[in-house]
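Understanding the architecture of this molecule
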Amino acid sequence: MSIEKQEKRQGAALVAPALLWTLGFFAIPFAAMVMMSLAHLEGREIVQGHDLGNYLRIFTDPSLRRGIFVSLEITAVVTVISVLLAWPLAWIIATRVPARWRRMALLLAVLPFWTSYVVRSYSWALVLGEKGVVMNALVGLGLLAEPVQIMATRSATIIGFVHFFVMLLTLTIYSNLIQLSPNYARAAEDLGASRWQVIRLVILPLTLPGVMTGAFLTFVLCIGDYITPQILGGNNELTLPQLIMLQLGRRGDFPMASALSVVLMVIVTLAYAACARWLKMERV
Amino acid sequence: MALKHTCSILAVTAGLASAAQAEDLNALIWCDHADPELLQPFEEAHDVRVNVKEYEGTAAGLTLLEQSRPGDWDVMVIDAVDVGRAVERGLLAPLPADQLNTSSYFPEAVLADHTTIDGTSYAVTEKFGYNTIAYNKAAVDPADMQNLDALWSGKYDGRIAIYDYYLPVLGLVGLEAGIKTADLDAAALDTIREPLMKLNAASKQVSDVVGSQTALATGEVDVLIGGGEWLTAVLNAENPDLDWTIPEQGGLLWAQSLAIVEGTEKPELALEFIKYITSPEGQARLATSSCYWGMPANKAAGDVLTDEQKAILRWDDQPDYLARAQLYPVPDADTDAAMQDLWTDMLQN
């Protein structure tokens, strides 16, 4: 056997476990989901078929269609706010916090990760309520005449999400920042750049891979999340995952739930395609 | 140290052996049956382990059963009014009625019309209660709560939560519009669309059991339409101001029943479980389950419940309440789909 053939076989053997894993736990279940999305519910029976009725309904039924837009709007706002908050935080930790305190600062930044996601969301429900800490403080300080409603609104959902995703983004951006040689900034300053110009024209572009990776992860996790909008949003509008759960939990409409899930997958794929050029993990 | 290790290994081995010996009973349930205080006496008495899976809504429960293999499930909790739907699809096994005596039951809670099909009994009711109005009497005028009109009057706008279950709430909106739950068909849904949307506009949130309890307990809302003793009783110790009533227009009677799933390989054990749950002791434990309280179908549980527990359950008021309550709507598949579409529209607008 030639060395080339031997290497090919070794390569195939090394790749095989990952390939089988992907096939067994992604490709086959996904194909099953697509097949299910082409079936439909007749009365309470699932009838196998090959029609696009469920997809047609998603884009013609105002309630289902709105779910897509609600999800996209919330996800876009959360991603933008999280990036705007996480970048300065990561930059401060990477450049302004003394090296011996950095680990502690990072630890504090990601501390909320240690709490259960559900518990954290319910905690926010208590904090954001009309008799919660935030409203009590604002009314007590005289900044508000009376409490305003945050809980059970889209704002509450966004706050809950941002709290979580700022931590995630801080990590990805920090790991990018810490790899940058300080010589880039020094060189720019030597050439007459102000501190702001150094950040805007040198540091920021070099951290784009970290920002985009974190933003993509935020997008994917946020648009597919069911718990936060369910607990904090007050069911006053439904996101795609909530609509999926409604089909499963209430109607037993697995075909429609599958079709909505496929739409969700397509949205995530499009998001990946849009920022694929920056998603090079080795640069993060 | 070695002794300690040996003891640990023996203990673990003994535990595994015990687990291996213990029989399993698989139950498709509502959350009140997941309470260890309820299950433990049965598990110990019969040396079995009760594995539970919670589900929400009959449609989801029936779908779960249909997608399972025969023998996967042994017993099932189901809305008494939906027993016929399950029997129609061949999902429930006949019960030996002679072994399940309901003579000590509240007569209105037996619901034999729904649990007995063509002379064969398929389920036995175990717990009932009301979907009506729950409120914080320190924050609202209790007199207002005697009439559903108050929720549409504007006085309580922004202070109302809606219980996130379409059947009872659509039923209550129907009662407000003068439509009996039994008449809530597709045409009637058009009539209640507008009042439902108005109610949604006046409400602050639409929430599940935990969300509703949290909202009432924290003062986030003062009124919950669709609530009842099942929601306020568990919060009574924390806040005695949380109360409930059945308004002039009436309330909805919910009644859950227990059935043996067709195809079970342990019919005797399943029957023993039903006997335990419907016994006075099982009924008292189920009535005061940690997830939610409700009236026991078997009056004999009154001998086991404390006076305080009975007061919270409004034991003495039951004859009046039962006379004024209507059963859940029992929609056919198409009406059920139309109801859920209406509910989704309400949530999304």
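The name an unreviewed UniProt entry assigns to chain B is Spermidine/putrescine ABC transporter substrate-binding protein, from the organism Salipiger mangrovisoli.

An unreviewed UniProt entry lists chain A under the name ABC transporter permease, with Salipiger mangrovisoli as the source organism. Regarding chain A, the UniProt comment filed under Subcellular location (unreviewed entry) reads as follows: "Cell membrane". Recorded under Sequence similarities (unreviewed entry), the UniProt text for chain A is reproduced unchanged: "Belongs to the binding-protein-dependent transport system permease family. CysTW subfamily."

What about the overall build of chain A?
Along its length, chain A carries 13 helices and two strands. Summarising its shape, the C-alpha atoms of chain A cover approximately 80 × 70 × 30 Å along the three principal directions. Classification of the 284 residues of chain A by burial places 42% in the buried group. Within chain A, residue pairs in contact and separated by at least 24 positions form 71% of the contacts whose partners lie at least 6 positions apart. For chain A, the accessible area works out to roughly 15,400 Å², and carbon and sulfur atoms hold 69% of it.

Some thoughts on the interface of chain B and chain A
The partner chain A presents 31 residues to the 33 residues of chain B that form the contact. Taking both partners together, chain B and chain A bury about 2,700 Å²; carbon and sulfur atoms supply 42% of that area. By the criterion of area lost to chain A, the three top residues of chain B are Lys204(B), Leu347(B) and Gln348(B), representing 24% of everything that side buries. Of the charged contacts, one joins Asp164(B) and Arg250(A) as a salt bridge, the two residues approaching to 3.5 Å between their closest N and O atoms. Inspection of the region where chain B meets chain A yields 13 residue pairs in polar contact (both at pLDDT 80 or more). Residue contributions to the side of chain B that touches chain A peak at 10 residues, all from helix α15 (residues 333–348) of chain B. Residue composition of the side of chain B that touches chain A, grouped by class: 11 nonpolar, 11 polar and 11 charged.

Let's talk about the UniProt feature "domain: ABC transmembrane type-1" (unreviewed entry) in chain A
The UniProt record annotates "domain: ABC transmembrane type-1" (unreviewed entry) at residues 68–275 of chain A. Secondary structure within residues 68–275 of chain A divides into 78% helix and 0% strand; the distance between the first and last C-alpha atoms comes to 20 Å.

Here we look at the domain arrangement of chain B
Residues and elements named next belong to chain B. Examined at the domain level, chain B breaks down into domain 1 (24–128 + 254–316) and domain 2 (129–253 + 326–348). Summarising the inter-unit geometry, the C-alpha centres of domain 1 and domain 2 are found 25 Å apart. If you look at the interface, domain 1 gives 22 residues, while domain 2 gives 19 residues. A buried area of about 1,700 Å², summed over both sides, lies between domain 1 and domain 2, and 59% of it is on carbon and sulfur atoms. Scanning the region where domain 1 abuts domain 2 turns up one salt bridge. Residue Arg314 is joined to Asp243 by a salt bridge in which the shortest nitrogen-to-oxygen separation is 2.2 Å. Tallied by class, the residues present in the side of domain 1 that touches domain 2 amount to 10 nonpolar, six polar and six charged.

Rules used throughout
Residues numbered from 1 in each chain as written. Chains lettered and ligands numbered in written order. Predicted model: local features only at pLDDT ≥ 70, side-chain atom pairs only at ≥ 80, totals over all residues. Heavy atoms only, no water. UniProt positions renumbered as here; feature names shortened; annotations may be inferred. Helix = DSSP H or I, 4+ residues; strand = E, 2+ residues; numbered from the N terminus. Buried < 20%, exposed > 50% of the residue type's maximum accessible area, 1.4 Å probe, protein only. Contact = heavy atoms within 4.5 Å. Areas by Shrake-Rupley, 256 points an atom, 1.4 Å probe, with all protein chains shown as cover. Buried area = accessible area lost by both parts, 1.4 Å probe. Salt bridge = Lys/Arg side-chain N within 4 Å of Asp/Glu carboxyl O. Polar contact = N/O pair within 3.5 Å; in protein donor to acceptor, adjacent residues only side chain to side chain. Nonpolar A, V, L, I, M, F, W, Y, C, P; charged D, E, K, R; others polar. Domains from an automatic or database assignment.

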